[in-house]
Amino acid sequence: MTWLSRNLPYLVAGISVGGQYALIAIGYTMVYGILRLINFAHGDIFMVAGIIMVYASASMPIYVSIPLVLILTVLLGFTVERVAYKPLRSAPRMSVMISAIGVSYLLQNLVFYITGGLTKQYPALPWLGDSVTVFGVTTKRVTFVTPILTIILVVLLVLLIKKTKIGMAMRAASKDFETSQLMGIKINSVISTTFIIGSLLAAVGSLLFFTNYTGVSPTSGAMPGLKAFVAAVFGGIGSIPGAVLGAFLIGISENLIRGLGWTTFQDAFTFALLIIVLIFKPTGLFGEKATDKV
Amino acid sequence: MKKKTEVCISLLLIGLLFLLLFILEQRLPRTHMLFTVLKKGAIYALVGVSMNLLNGFTGLFSLGQAGFMLLGAYTYGILTIPVAQRANVYLYYDGGIIQFAIHPILAMIAGGILAAIFAFLIGLPVLRLKSDYLAIATLGFAEIIRAIFQWDKLGPVTNGSNVLRSFPIYRSVLFYFAVAVICIGIIAFMINSTYGRAFKAIRDDEIAAEAMGINLAHHKRIAFVVSSFFAGISGALLAMYQTNIQASMFKSAMTYEILLMVVIGGIGSITGSCISSFLFIACSEWWLRFLDKDTFIGDFHVPLLRSGFRKVVFSVIIMIIVLFFRQGIMGTKEFSVRGIYRWLTRRKANKQKGGETVG
């Protein structure tokens, strides 16, 4: 019991960070499910969403700038796919991945140029950024909003994928890319939708994430992006429930490690956990069994 | 052309290159940008070729290069700081626990060996994984290595997250080139041997390679260990070049940069990796530098030019290469004496043929 009461702040923070990772991880896992592409630029799209918010809120009221951030991030994700990934659809997988790394490099350098390389103060969002005390834990309200919002969004997404026509098309495309094209699925619009959903969730994730962390710099997307990707791999890349579960597990365990005072190993532990899981289950917790065809 | 003449001409060309570098070093001031580019280019060429051995020739998608470079750099630094300087460097750890220094070249080789040992150990579990899973696991190991080296409990050895400095360095660009040429030569030799052919077979089709009697685990491990050994050596060179080491330099962004160089040069081309690493470094450090300065042409203030613009232009160039020149500079071809000879003789032959028809 004393362990619990001492570690409760870390546990709560972990659940919250886990929710934010989950929102980013969905973008990774959906894109991977369809294109078999590690979208290295996803973490940077998340960071750009933060930067847009910084600039938007400086000149506009908050209720205009939040929708603007969501719209611009979605546009960015859509454009990146059309410009950098679509021309390479028939190219080997390696080229697309390199293109993703190139986009990530470009976005980081662009933000560096615009901000002059300084860490920008993230605006304090009203209501979300207020301090509240629950169970003796004082924290920002966003900590409690995040897991709830994450679960709502994930349920909506799962419904979209299971019940709607576009969701069915997505499932078909991730099962077999070429056959689904033969069946009359407009593969480009399916892929664009995937990127739009991924970027939208990343934008929501960035609103929640940066409210906790106050500063945005050109490289602040790299670590959360990598962690979210690890979460997606952890849960079995391509599976949405797996990604969400993996993200919560990683968020909680990394904060408990921090609670033990091992801050240096906070990031390393995530990877260690991943490697252990991969050794015993080479395709993640919920991943499809890969079979080799001759 | 005979094999023997080809080797002779190649060696002659390398000799000429060293002569040229020697003359340049006598003529130009030591701080000239050219030397920065040449040194850093040689280092990245070496690590690029070592990464190409894995990603391009063996088909193992590994992203652990920065971690192995870190191992090499730290081993070099830790083993070579003069005993008299230790108290200054290990300020917070009472001079550290290692109280001896060995010859720089031995330390460099030790760095490579340590990286190779780590690669062997990491490879035991990790090399069973496939493609993307392998990539993320090796990336993870690189991050774990970085965290371990920043751990303050290991401070007496690694100096925690503080800077390691005051170790002996070679200033001459010739040294960097000598090491890089020897190491790349060994890798090239390996790629053209039985091992190299086995690697390529694994890359092209694992199952077929296994059916032909190639021991997959054994060959993958060898490729991984050899590649890491040379990454370790290049890490030691990087330490010399930068004159100080800090674990926070060796982030995954560094691995991405090396991967970009390899891809731009052409996956599966040794000379491609070398050419592209020099071009990459020259562009990002030297040729585009004017973009970072406020410039006036007459009274006209050129817009957009300020700090950071160079990197934006550079990344746009990279995107253009990635999108429109998918094969990279060299593709899978190699730049060789034989190739040039063939190209020249074919042109001559064509000319003669053309002459005859006119005549």
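Each remark here, short or long, concerns the structure printed above.
### Some words on the side chain of A:Ser192
All names here are of chain A. With respect to the helices and strands, the residue Ser 192 is situated in helix H8 (residues 187-213). In this structure the side chain of Ser 192 is engaged in a polar contact, spanning 2.8 Å, whose partner is the side chain of Arg 82. The residues touching Ser 192, leaving out its near neighbours within four places in the chain, are Phe 78, Glu 81 and Arg 82.

### With respect to helix H14 (residues 309-324) of chain B
Over its 16 residues, H14(B) extends 23 Å from the first C-alpha to the last, a length consistent with the 22 Å expected when each residue adds 1.5 Å. The set of residues buried in H14(B) consists of B:Phe309, B:Arg310, B:Val312, B:Phe314, B:Ser315, B:Ile318, B:Met319, B:Val322 and B:Leu323. Buried residues along H14(B) sit against helix H3 (62-85) and helix H4 (93-115) of chain A together with helix H12 (252-265) and helix H13 (270-287) of chain B.

### Brief notes about the packing of helix H5 (residues 104-126) of chain B against helix H6 (residues 131-150) of chain B
Residues and elements named next belong to chain B. At their nearest, the axes of H5 and H6 sit 11 Å apart, and the two run at 140° to each other. In this view, H5 runs oblique relative to H6, as classed from their interaxial angle. Here the hand of the crossing between H5 and H6 comes out right-handed. Between H5 and H6, the contacting residues are Phe 118, Ile 122 and Val 126 on the first element and Leu 134, Ala 137, Thr 138, Phe 141 and Ile 145 on the second. Considered class by class, the residues forming the contact of H5 with H6 number 7 nonpolar, 1 polar and no charged.

### Description of the interface of chain B and chain A
Contacts between the two partners involve 46 residues from chain B, matched on the other side by 46 residues from chain A. Interface of chain B and chain A: buried area, both sides summed, is about 3,900 Å²; carbon and sulfur atoms make up 76% of it. Looking at the side of chain B facing chain A, the largest losses of area belong to B:Tyr133, B:Ile136 and B:Arg326, adding up to 17% of the total buried there. Salt-bridge contacts for A:Arg93 lead to B:Asp132; the nearest nitrogen and oxygen are separated by 2.6 Å. Ranked by residues supplied to the side of chain B that touches chain A, first place goes to H6(B) with 13 residues. The class makeup of the residues in the side of chain B that touches chain A is 30 nonpolar, 8 polar and 8 charged.

### Focus on the nonpolar core
Formed by 198 residues in total, the largest nonpolar core has its most connected members in A:Tyr85, B:Leu63, B:Met108, B:Leu237 and B:Phe250. When residues in this core are grouped by element, the largest group, 15 residues, is from helix H2 (residues 33-58) of chain B. Residues B:Ala198, B:Ile202, B:Ile214 and B:Leu216 belong to the second largest nonpolar core, which totals 5 residues.

### Remarks on the pairing of strand E2 (residues 131-134) of chain A
Residues and elements named next belong to chain A. Inspection of the sheet shows E2 paired to strand E3 (residues 137-140) by 4 bridges, in the antiparallel sense. Each residue of the ladder has a partner; that of Val 134, found in E3, is Val 137. Counting the residues that bridge the hairpin from E2 to E3 gives 2 residues, and of these Phe 135 lies at a positive phi of roughly 50°.

### Looking at the pattern of salt bridges
As enumerated under the stated definition, the model contains 9 salt bridges over all chains in all. Of the charged contacts, one joins A:Lys227 and A:Glu254 as a salt bridge, the two residues approaching to 3.1 Å between their closest N and O atoms. Of this pair, A:Lys227 sits in helix H9 (residues 222-234) while A:Glu254 sits in helix H10 (residues 240-259), placing them 27 residues apart in sequence. Accessibility classification places A:Lys227 together with A:Glu254 in one group, the buried group. Across the pair B:Lys40 and B:Glu285 runs a salt bridge, and its minimum N-O distance is 3.0 Å. Placement of the pair is B:Lys40 in helix H2 and B:Glu285 in helix H13, with a sequence separation of 245 residues. You can call B:Glu285 buried: its relative accessible area is 18%. Sharing partners across several salt bridges, the network here consists of A:Glu81, A:Arg82 and A:Arg89.

### Description of the packing of aromatic side chains
Evaluation of the coordinates by the stated rule reveals 20 aromatic pairs over all chains. Ring centres 5.3 Å apart and planes at 90° place the aromatic pair A:Phe209 and A:Phe210 in the edge-to-face group. In this structure, A:Phe209 and A:Phe210 share a single accessibility class: buried. Seen in terms of ring centroids, B:Phe280 and B:Phe314 are 4.9 Å apart; in terms of plane orientation they differ by 80°. Their pairing is edge-to-face. Taken together, the residues span a long stretch of sequence, with B:Phe280 in helix H13 and B:Phe314 in helix H14 at a distance of 34 residues. When its relative accessible area of 5% is taken as the criterion, B:Phe280 is described as buried. Each member of the aromatic cluster is reached from another via a ring pair, and the members are A:Phe46, A:Tyr122, A:Phe209 and A:Phe210.

Basis of the calculations
- Residues numbered from 1 in each chain as written.
- Chains lettered and ligands numbered in written order.
- Predicted model: local features only at pLDDT ≥ 70, side-chain atom pairs only at ≥ 80, totals over all residues.
- Heavy atoms only, no water.
- Helix = DSSP H or I, 4+ residues; strand = E, 2+ residues; numbered from the N terminus.
- Polar contact = N/O pair within 3.5 Å; in protein donor to acceptor, adjacent residues only side chain to side chain.
- Contact = heavy atoms within 4.5 Å.
- Expected span 1.5 Å × (residues − 1).
- Buried < 20%, exposed > 50% of the residue type's maximum accessible area, 1.4 Å probe, protein only.
- Axes fitted to C-alpha atoms, helices over the stretch in contact; angles between N-to-C directions.
- Parallel < 35°, antiparallel > 145°, perpendicular 65-115°, else oblique.
- Left-handed = near helix turned anticlockwise from the far one by under 90°.
- Nonpolar A, V, L, I, M, F, W, Y, C, P; charged D, E, K, R; others polar.
- Buried area = accessible area lost by both parts, 1.4 Å probe.
- Salt bridge = Lys/Arg side-chain N within 4 Å of Asp/Glu carboxyl O.
- Core = buried A, V, L, I, M, F, W, Y, C linked by side-chain atoms within 4.5 Å.
- Pairing = 2+ DSSP bridges.
- Phe/Tyr/Trp six-rings, centres within 6.5 Å; stacked < 30°, edge-to-face > 60°.

So far we have only geometry, and geometry alone does not tell us how the molecule works.
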